[in-house]
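Next come the chains, spelled out residue by residue.
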Amino acid sequence: MSYLNPVHYTFDSLLLYIETQEGYVTFNQCFPYHCSGLAGRQANERPRQGKYCFNESIVLLLCRVANLYFLFLVLLNWVPAVEAFQKEITMVPLLVVLIAIAFKDALEDYRRYLFDKTVNHSLVRIYCSKQKAYIDQHWQDVRVGDFIRLSCNEIIPADVLLLYSSDPRGICYIETANLDGETNLKQRRVVSDLPLQGSELTPESFYCRIECENPNNDLGRFRGYMYHSSKVRVGLHNDNLLLRSCTVRNTQTVVGLVVYAGHETKAMKNNSGPRYKQSRLEKRLNRDVLWCVILLFSMCLTAAIGHGLWLQRWTDPIYSVAEQVSPTLAGFYVFWTMIIVLQVLIPISLYVSIEIVKLGQIYFIQNDLALYSEQLDSGIQCRALNITEDLGQIQYLFSDKTGTLTENKMVFQCCTIHGVQYPHTQNGAKEVIPDPELLKKMSCLQATSLCGAEASCLQATSLYGAEASCLQATSLCGAEASLELNSIVDFFLALAVCNSVVVSSSGRPCHTVGGSSTTATPSQAGASRESTQLGPGTDLVRSNVALENPRDPTADVLTDMGNREEGLGAVGAPNVGTEPLRVSSLEDPAFCHSGPTAANEQLIYEAESPDELALVHAARAYNCTLRGRSGDELAVELPGATSRLHVSLLHVLPFDCTRRRMSVVVRHPLTGRLVLYTKGADSVIMELSEHPDVPAGEGYVNIREQTQNHLDVYARDGLRTLCIAQRVMLDDYRAWQKGQLLAETSIENREELLLESAQRLETNLTLLGATGIVDRLQEEVPETIEALQRAGIKVWVLTGDKQETAVNIACACKLLGPDDQILIANCGSKDACDALLQDLLSEVRGTGEGPGRPTLGEDKALPAAAVGGFVLVIDGRTLEWALQDELKGGFLELSRQCKAVLCCRSTPLQKSQVVQLVRSQLSVMTLAIGDGANDVSMIQVADVGIGISGQEGMQAVMSSDFAISRFKHLRKLLLVHGHWCYSRLANMILYFFYKNVMYVNLLFWYQFISGFSGSVMTNSWILILFNLLFTSVPPLVYGVLDRHTPADTLMERPELYSSRPSTKVYGSSTFWLTIMDAFYQSLVCFFIPYMAYAGSDVGVLAFGSPVNASALLIILLHQIIESHTLMWMHIAVLVGSGVLYFVFTLLFSVWCVTCSPPTNPLGVETLTISQPLFYLVCALTTVTALLPRYHARTHTHAYTHTHRLLVCVQSDRDMYWPLFLFKH
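Counting from 1, residues in each chain are numbered in the order their sequence is written. Whole-chain, interface and lining totals are the exception, using all residues; otherwise, since this is a predicted model, local features are given only for residues with pLDDT of at least 70 and side-chain atom pairs are given and counted only at 80 or more. No hydrogens and no water enter the side-chain calculation; it runs on all heavy atoms of the structure.

Per an unreviewed UniProt entry, the protein chain is named Phospholipid-transporting ATPase, and its organism is Gadus morhua. Listed in UniProt under the heading Subcellular location (unreviewed entry), the comment for the protein chain reads: "Membrane". UniProt positions are given in the numbering used here, feature names are shortened, and annotations may be inferred rather than shown by experiment. Database annotation for the protein chain, UniProt heading Cofactor (unreviewed entry): "Mg(2+)".

What follows is the structure, encoded as structure tokens:
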């Protein structure tokens, strides 16, 4: 539930005119900066998530159709001509329902109110112009244009444009766990081209104009401009924005400008509150309520016609209205009177009861210890409160693979370098055991110091040259050995530097690289340097050249490149003699934060993905250790190094889903050359490395072939594969850098320009090797998938992995059995896809023995029950064609014939399209489950979306209806809780229809003997409270606690999940059978007392007493017959309801004299109950009315039990078919 601001402003762009000496706006006392484009705007409204407003809550309650219907009846009863009861009595049902709903909403809103109050009263330091200092203010007082100052571990109160950071590189680390659940650190940067200050930013000296886009909910995008006083325009991007609810980490102080506040922040724009979905059961309920409306109008129309005919037939009728009213008009009045009398036919309390029952069901689901993970300290979250019963009707399940079926805790399993494979089968999550052969090859590096004070032979020789003077002294000899060792060093160096890993340790929260070094480069000597002290133990070294022309953003980079290239000599030619290695000792103070630094300290790596973490740990196992990171340098240790090497980081091209790779441009620490290191998907890197920049002979071709063979083996073993490549930069880097800077500073089409720029650089790569990372299955995944398939649920796996990897994971998790037959769908064109789908469909419809089709096991002559099904495996390109309008029919028909479907190399959009296609075209109940941001669209499209709180953040969880911690919990959630929830709610809804129709018909039958006058045979208080109070509590207990089948049986026999389709529990046939049973019982309940008291002198209320008592007993005992389990709470509620009715009627009869005019119930009930005939009539009526239902339920239970046995026997035959081979 979201709260709308009382005043809503619409404007094309958000213009922040910051006060200057000329003065756009005046200072406020404590909030100096205002938006001139938002004139009259109040202080930032207090963000709140609840309604907690009486008027607003009443409006929302009255917006419900059922509540409006009963409000109409209340107003109708105030019309004298059609008045049926006292005016106050007809208000009771509506008031009770509104009070119940309001009480429930009030409890929920009160919790939200307390949370909002805590958040709104959090403190933040805002700049005050009067005091010329930052003062503490509440979050609710933050406004657009305010300067705020944040410290480490402080939560950000608004969307803030980063203008200053105490980090010398202008970087601020934030943790977005409150937004997306990801605990890994992310970097944000100060707006580019801001004047460098030696001290903290002063708001009075800030002369800029900012223009940015309208508030929106896109967390990954921010666009805007900043105009400096010199009229220079700088682009603003998402890297410059600190989002509300994030936490500042590893940064001492930051200062920023508020651009979005309150409900305009991106976090609040994404906060839509609890998800509301309408379940399939509720949709059918709404249709049946319409049938009840039709039935109500039919009964009222019958009464109106009957009353008109009564008046016309009898000249002096007993029951009549005013003499001046014609029969037609009297019938019209009676029609509306009967609408009031028979109002309980529309089950207003049913909607409230369903909400209460679902809350009870959710309570027991969330407190189920079997759905709790001790390892993650996490249980199930029910985020959608209205679809618990849909869990019991799932027919198709769509699952992600990585992080959903697997742990998403990557373990470095093997690698191939220079065409040679090195297995690492004994590795752990963070402990990599080096391969002995690879260690032996790298031992030559241990024999020489790469970074000593004296120049070693490796320092004097290019590792890229044909000669290898030092290497020839080792067991490896010749140019080929030199090339292989070069590839090994570059491979692990790429693993160490081509990432976004943040390094820390227990004693120091951040390891960064400063400017001090033991040796200066020529380029450093040519530029004057200044050192500015920004914090304890932190030196900032910057070039004055960068300040000479702040308007030209390329000056700094190009000048620096020119200086560096002068030290190298000719571009691209190494000149190590003029570019000595920059090294630092292990006690180098260049690493930030004070404190002791030991060489063997325990480093802590924080990565944005578990793949990066595994690769950095693997590099460290071979002494290629990442020690620290800054904005433009990395500190690494290489084999044989006695000191740390400083690697200049010139550019980073981050990973994105389009390129499917990440690249860094660095200055090689050993050769001084500019090198591009790239890691990414094997299909992409292998294509980009087909024509390397350097001359390649047959040896390189053989290396690519061997690497591809190893990749195929890794994929068949179910490993995640990444390729590593490099490119030595020549004179083309400067030209590319100019284009890259233009793309980075662009506002329009920035993403497209950056993509084109990256693609221009990442070409002609040289393949170094590949890695294989294992992502182990979660516990009990095979058992869960097997149980779901036995339950009749078709399981589809939608993944971005290779086909071989996906197939092997599917085999491991028992999605594919040894006798299943695989259908491969890989096509190169749309026409070929169409032809292939038709061929496969014909093959499946035929004998099922297609020639040349791969199988997972030996195809033997097996019984029909044991023959495996078909499994379709389709790649992303073929899937794209299959989802088009012309081909989706054939794809869907083929998929229906298959036991399971594997969609490989699929994009997030394709995942959602597949789910939408199956859901809409087949009209089936779908469930999607995933753990990452790429699964969000699929989760939102499905009928039921489930997120797994795993290693990829909480975006899938926040978009889901239910959140679980492990895939295995899906088994009990569906087979047990889903089965129970659906069975309980379906039977409870039918019971509500039954009891309402049954009791209303008693009033309808009375019209036949009362001239259809609209009168009733009971007092109005009992009539109103009968369904509202006396018979309303037992169905609630039944809907929460009834168990159709024990949990152990449902877990052991998953076939019971699909053995009762929805049409058997609650469908058209069961609905009309229930209505017919209610008609029968009402006939018995009315006419047996009528015949028993015929000819006597009993009054109307005395006649109605046994009718009401019999109806109560019949309805309560009917509940017992329908219940599958009887607990003490069931018995207590049933007995309590009966006792409450009789106590109320007796007290009403004794004390009430004028409670129900014009009738007088005084002494009627006490007299009637004292007569033996009352008990005889009640007993006979109850037995006669319930006897058919009892016999029907007995036969149904016997049939159900037999059916379950047959299902279980059939399941045993399928599982243990050899035991049944010779039974015939």
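Structure's up, so let's keep going.
Q: Can you tell me about the sheet that holds strand S2 (residues 123-128), naming the residues and giving the values?
A: A pair of strands is treated as paired once DSSP finds two or more bridges between them. Only DSSP runs of H or I with at least four residues qualify as helices, and only runs of E with at least two residues qualify as strands; both kinds are numbered from the N terminus onward. Spatial strand order, S3-S2-S4-S13-S5-S11: 6 strands in an open sheet with antiparallel pairing. Strand pairing shows two members of the sheet lacking a second neighbour, strand S3 (133-138) and strand S11 (241-242), which therefore form its edges.

Q: Give a detailed account of the nonpolar core, specifying residues and quantitative values.
A: We call a set of buried Ala, Val, Leu, Ile, Met, Phe, Trp, Tyr and Cys residues a nonpolar core when their side-chain atoms join them within 4.5 Å. Only protein chains enter the accessibility calculation, which uses a 1.4 Å probe. A residue is then buried if its area is under 20% of the maximum for its type, exposed if over 50%, and partly exposed in between. By size, the foremost hydrophobic cluster in this structure holds 97 residues, and its most contacted members are Leu342, Phe993 and Tyr1066. Every residue in contact with Tyr1066, bar those within four places of it in the chain, is listed here: Leu281, Arg284, Leu285, Asp288, Tyr982, Ala986, Ile989, Leu990, Phe993 and Phe1071. In terms of nonpolar packing, the next biggest core, distinct from the first, is built from 47 residues, Ala496, Val497, Val647 and Leu722 among them. Throughout, a contact is declared for two residues whenever any of their heavy atoms are within 4.5 Å.

Q: Outline the UniProt feature "active site" (unreviewed entry) in the protein chain, listing residues and values.
A: In the UniProt entry, the feature "active site" (unreviewed entry) is given for Asp400. Checked against the element boundaries, Asp400 lands in the loop between strand S15 (396-399) and strand S16 (411-417). Classification of Asp400 as buried rests on a relative accessible area of 5%. Look past the residues within four positions of Asp400 in its chain and what remains in contact with it is Leu405, Leu798, Thr799, Lys911, Ile929, Gly930, Asp931, Asp935 and Met938. Polar contacts here mean pairs of N or O atoms no more than 3.5 Å apart (in protein, one a potential hydrogen donor and the other a potential acceptor; neighbouring residues in sequence count only if both atoms are side-chain atoms). There is a polar contact of 3.3 Å between the side chain of Asp400 and the side chain of Lys911.

Q: Any details on the confidence of the model for the protein chain? Residues and values, ideally.
A: Confidence scores per residue from the predictor, reported as pLDDT, run from 0 to 100. With 74% of its residues at a pLDDT of 70 or more, the protein chain has an overall mean of 76. When the elements of the protein chain are averaged for pLDDT, strand S20 (residues 538-543) gives the smallest value, 28, and S15 the largest, 94. A low-confidence stretch, residues 847-867 (pLDDT under 50), is modelled with 34 contacts involving residues beyond four sequence positions or located in other chains.

Q: Requested: an account of the UniProt feature "binding site: Mg(2+)" (unreviewed entry) in the protein chain, with residues and values cited.
A: The positions that UniProt labels "binding site: Mg(2+)" (unreviewed entry) are, in the present scheme, Asp400, Thr402, Asp931 and Asp935. Spanning 536 residues, the named residues nonetheless gather at one spot, since no C-alpha pair among them exceeds 10.7 Å. Among the residues examined, Asp931 registers a relative accessible area of 0% and is labelled buried.

Q: An account of the pairing of strand S8 (residues 208-212) is requested, with residue identities and associated values reported.
A: Burial along S8 is one-sided: the residues Cys208, Ile210 and Cys212 are buried and none of Arg209 and Glu211 is. Strand direction decides the pairing type here: S8 and strand S9 (residues 224-228), joined by 5 bridges, are antiparallel. In the sheet register, Cys212 faces S9, and the bridge partner there is Gly224.

Q: How would you sum up the environment of Trp336? Please name residues and give values.
A: If you trace the backbone, Trp336 turns up in helix H7 (residues 327-341). When the C-alpha positions of Trp336 and Ala81 are compared, they lie 9.2 Å apart, and in sequence the two are 255 residues distant. When near neighbours in sequence (up to four residues on either side) are disregarded, Trp336 contacts Phe72, Leu76 and Val82.

Q: Before we move on, could you go through the packing of helix H28 (residues 969-1007) against helix H34 (residues 1100-1122) and cite the residues and values that matter?
A: Axis lines are fitted to C-alpha atoms, over the contacting stretch for helices. Their N-to-C directions set the angle, which ranges from 0 to 180 degrees. As a packed pair, H28 and H34 sit with axes 11 Å apart at the nearest point and diverge in direction by 165°. Comparing their axes, H34 and H28 come out roughly antiparallel. The two elements H28 and H34 cross, and the hand of that crossing is right-handed. Where H28 abuts H34, its residues Asn987, Tyr991, Tyr994, Lys995, Met998, Tyr999, Leu1002 and Tyr1006 lie against Val1100, Phe1103, Val1107, Asn1108, Ala1111, Ile1114, Ile1115, Leu1116, His1118, Gln1119 and Glu1122. Nonpolar residues are Ala, Val, Leu, Ile, Met, Phe, Trp, Tyr, Cys and Pro. Charged residues are Asp, Glu, Lys and Arg, and all others, Gly as well, are polar. Residue composition of the contact of H28 with H34, by class: 13 nonpolar, 4 polar and 2 charged. In what follows, roughly perpendicular refers to angles from 65 to 115 degrees, roughly parallel to angles under 35, roughly antiparallel to angles over 145, and oblique to any angle outside these ranges. Crossings are assigned a handedness: left-handed for a near helix turned anticlockwise from the far helix by less than a right angle, right-handed for a clockwise turn.

Q: An account of unusual backbone geometry is needed here, citing residue identities and associated values.
A: Of note, the phi angle at His418 is positive, near 55°, even though the residue is not glycine. Look at His418 and you get buried, because its relative accessible area is 13%. Although it is not a glycine, Phe1012 adopts a positive phi angle of roughly 50°. Its location among the elements puts Phe1012 in the loop between H28 and helix H29 (1020-1030). Owing to a relative accessible area of 10%, Phe1012 belongs among the buried residues under this scheme.

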